[in-house]
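Structural features, examined
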Amino acid sequence: MTELVVTRFAPSPTGHLHVGGARTALFNWALAQKLGGHFLLRIEDTDQARNSQEAVRGILDDLAWLGIHWQEGPVHAGVGGDPRGVGPFFQSERLARYDAAIAQLVATDLAYPAFDTPEELDALRKAASAEKRAFRYVRAAGWDRSAALARMQREPHVVRLRAPNETIVVHDQVLGDIAFGPEQIDDFVLRKRDGFPTYHLAVVVDDEAMGVTHVLRGPEHLNNTPKHIALQRALGVRTPIYAHVPSIQNADGSKMSKRDKDKAARTLAQQAFAADAGLHARADAAIDAKRLAGWLGNPKSQLETSELDALERVLALDLPSVTVEDFRHAGYLPETVNNYLALLGWNPGEKLADGRDREQFSMADLAQKFALERIGRGNAKFDRAKLLAFSQEALAALADAEWLERWRSWCERYRSGVAASGAEPERVLADPARARVFAASMKSRCATLAAATAPAGPGRFALVADDAFSYDEKAVAKWLAKGEPSGFTILTSVRATIEKLAPFEPTEIEAAVAQFCEASGVGMGKVAQPLRVALTGTAASPPLGETLAVLGRAAVLARIDRCLRETRPT
RNA sequence: GUCCCCAUCGUCUAGAGGCCUAGGACACGGCCCUUUCAAGGCCGCGACACGGGUUCGAAUCCCGUUGGGGACACCA
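Since the structure is predicted, the reported quantities are computational estimates derived from the model, not experimental observations.

Taken in spatial order, the three strands make up an open sheet running 3-4-7, and their pairing is antiparallel. Two strands bound the open sheet, and with one partner strand each, they are strand 3 (111-114) and strand 7 (189-191). Here the average twist between neighbouring strands, direction ignored, is 45°. Across two bridges, strand 4 (residues 158-161) lies against strand 7 in antiparallel orientation. When the bridges of strand 7 are listed, V159 appears paired with R191.

Take the protein's contact with RNA strand B next. Taken together, 65 residues form the shell around RNA strand B, and within it D116, Q184, K192, D357 and S541 come nearest. Taking R125, its side chain carries an N or O atom lying 3.1 Å from a phosphate oxygen of RNA strand B. A distance of 3.3 Å separates a base nitrogen of RNA strand B from a polar atom in the side chain of N224. At the level of elements, helix 4 (118-130), strand 4, strand 6 (176-180), helix 6 (199-209), strand 11 (380-381), helix 15 (384-397) and helix 24 (524-536) are the ones that each hand at least two residues to the surface near RNA strand B.

Attention shifts here to the environment of D206. With respect to the secondary-structure elements, D206 resides in helix 6. Using a relative accessible area of 0% as the deciding quantity, one classes D206 as buried. C-alpha separation for the pair D206 and F89, spaced 117 residues apart in sequence, amounts to 9.4 Å. Beyond its immediate sequence surroundings of up to four residues, D206 is in contact with R42, Q91, R94 and Y98. Reaching out from D206, the side chain makes a polar contact with the side chain of Q91 at a distance of 2.9 Å.

The next subject is the packing of helix 24 against helix 25 (residues 544-551). Contact geometry for helix 24 and helix 25: axes closest at 11 Å, N-to-C directions at 30°. Put simply, helix 24 runs roughly parallel to helix 25. For the crossing formed where helix 24 meets helix 25, the hand is left-handed. Taking contact as the criterion, the partners of A528, L531, R532, L535 and T536 in helix 24 are, on helix 25, L544, T547, L548 and L551. Residues that form the contact of helix 24 with helix 25 fall into these classes: six nonpolar, two polar and one charged.

Let's shift gears to helix 7 (residues 225-235). With respect to burial, helix 7 is a largely interior element, 10 of its 11 residues being buried. Inspection of helix 7 places T225, P226, K227, H228, I229, A230, L231, Q232, A234 and L235 among the buried residues, and these make up the whole buried set. In the segment just after helix 7, G236 is the residue with positive phi, at about 75°.

It is worth spelling out the pairing of strand 8 (residues 214-217) at this point. Every second residue of strand 8 is oriented toward a common face, with H214 and L216 on one face and V215 and R217 on the other, all of them buried. Bridge count between strand 8 and strand 9 (residues 241-244): four bridges; the pairing is parallel. From the neighbouring strand, H214 faces strand 9, where its bridge partner is I241. Between the parallel pair strand 8 and strand 9, the chain is carried across by helix 7, and the sense of this crossover is right-handed.

This brings us to the environment of K34. Note on placement: K34 falls in helix 1 (residues 19-34). Sequence separation between K34 and Y98 is 64 residues; the distance between their C-alpha atoms is 32 Å. Ignoring anything within four residues of it in the chain, the contact list for K34 reads A367, Q368 and F370. A polar side-chain atom of K34 sits 2.9 Å from the main-chain carbonyl oxygen of Q368.

All right, on to the nonpolar core then. W403, W407, F438, I498, V527 and L531 are the most contacted members of the largest nonpolar core, which has 61 residues in total. Residues contacting F438, with those up to four places away along its chain left out, are W403, W407, V428, A452, G459, A462, L463 and V550. In this structure, F90, V322, F361 and A367 belong to the second largest nonpolar core, which totals 51 residues.

Rules used in this analysis
Residues numbered from 1 in each chain as written. Chains lettered and ligands numbered in written order. Predicted model: local features only at pLDDT ≥ 70, side-chain atom pairs only at ≥ 80, totals over all residues. Heavy atoms only, no water. Pairing = 2+ DSSP bridges. Helix = DSSP H or I, 4+ residues; strand = E, 2+ residues; numbered from the N terminus. Axes fitted to C-alpha atoms, helices over the stretch in contact; angles between N-to-C directions. Near = heavy atom within 4 Å. Polar contact = N/O pair within 3.5 Å; in protein donor to acceptor, adjacent residues only side chain to side chain. Buried < 20%, exposed > 50% of the residue type's maximum accessible area, 1.4 Å probe, protein only. Contact = heavy atoms within 4.5 Å. Parallel < 35°, antiparallel > 145°, perpendicular 65-115°, else oblique. Left-handed = near helix turned anticlockwise from the far one by under 90°. Nonpolar A, V, L, I, M, F, W, Y, C, P; charged D, E, K, R; others polar. Right-handed = clockwise from strand over helix to strand, strands pointing away. Core = buried A, V, L, I, M, F, W, Y, C linked by side-chain atoms within 4.5 Å.

In structure tokens, the structure reads:
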């Protein structure tokens, strides 16, 4: 009888999923798929101090967007997971289980109550560090069990495990066997003063209760693993298979974390305020002035996610993307994020027919090919340029209709930001034929969905009103004012051709313009560039046929007229 | 400070003792294509951290050095 493979992702609800967490979730999901097992989601909300419903919702939403679905876990108002959803798996709702484990351990004298105050422990730690030795909690000599148990009934206390006096070997599937000597496992806390379990207890009890067979997690947990094994032995339960994946770092080698955004925001905000004191008024409208001042002055403080978002918006800060939501906002496809993340520390090890390594794969490929043996051991730096290149390629590979659908829903979700940039997606979306041309011409020109609406982006010209763009002076001088005949003259005559043209589609437009060139004996550039300047304000745009077709005849004529009116010297 | 982990082009990586003159991708540079901007095609630049072993033979195994990362909470 083979055991059902169960993997899990167990985030604590402190904000949107960051890339490291997303990759861990993805790997766990993939392993379960590969082995025909279950992937479950468990919210580790045992810290009463930092814990938010909003964050839970955000994480669930992030996972659902990525397409990482759980067979077992929280059921949350239509977000992600299996509709049969077993759960909810919130540790805060499972306190009875942890207490039962504690009772068992205390009864067998494998755990004991301790009454030290946080201040006392703090003093001990300081003393240890002053003497340059490692602090290790040990039960005082002459400890009286029955007195302690009696005292436990009436005094606030924590419960600690009696750490075993033995070396514990972790059989890590990525790193190999790692030995931890007894001096590295002290009598750590299992249950806090507030009655909530610590992470260590909750994780061990739940992994056992949920039948978890494989634990894939970040490297920060490696040193916790011997503690977990010690606890499993005390409890008399199995030890799952462990695998620790390397961390994801910033370009400078520091660990990639949510704090990076906060730090970058402080620096950028200070610069912005220094450059323009008037910005203070705008910032004050968005977030509490006192909070803002406190945060600016104290590098250790952090803004709430909502405050940070508000500040980012009003000051137009360009903050680094670190969470899944950031990348979604930045216009990446979920499959691209998954693909890139998976490649950070894992690869399928396949060669393509042309000799290149397989780097691009789908979720289905991942589910089929994922294997622990191919997880790398070194840390990986997050390379935004490569992600962008992946995004570019994935977007270009989409069918026009698909691109359009993705772009439409992106625009809807981030409507306010799109509007703030001055883009009006409805302008092209309103007409299916024009929308399709837009999609086709944006696909190879946009590395992200957001690029299409960006203020200086390639789709800009099609998304603004006919009188809402300005003319690049240099382009006007070079392509309209100069030459014999001048661009203005050519514009006037080509206008007549355009006015009569039907159907108004890329191929026909291209042909008509080519014919016009032929007939009037001027080169293509002499016609195309003046048209581009008149239509988009600049000399750069998609091919002429696409540019005109996207705008539609009425807009094209209106823009030519406006250009003649506004830029032609009288 | 103590403990743990890691180490191939700038970055992600392939590499399981001879297939390695170390392969691919991104980035970068050049050329081609071209009505502009892209996209695409071709070419180029570019790495086994260092020092000792083991072996007929080391990027690959062992030891040390150096460098990087992580952990040392009543956070997870």
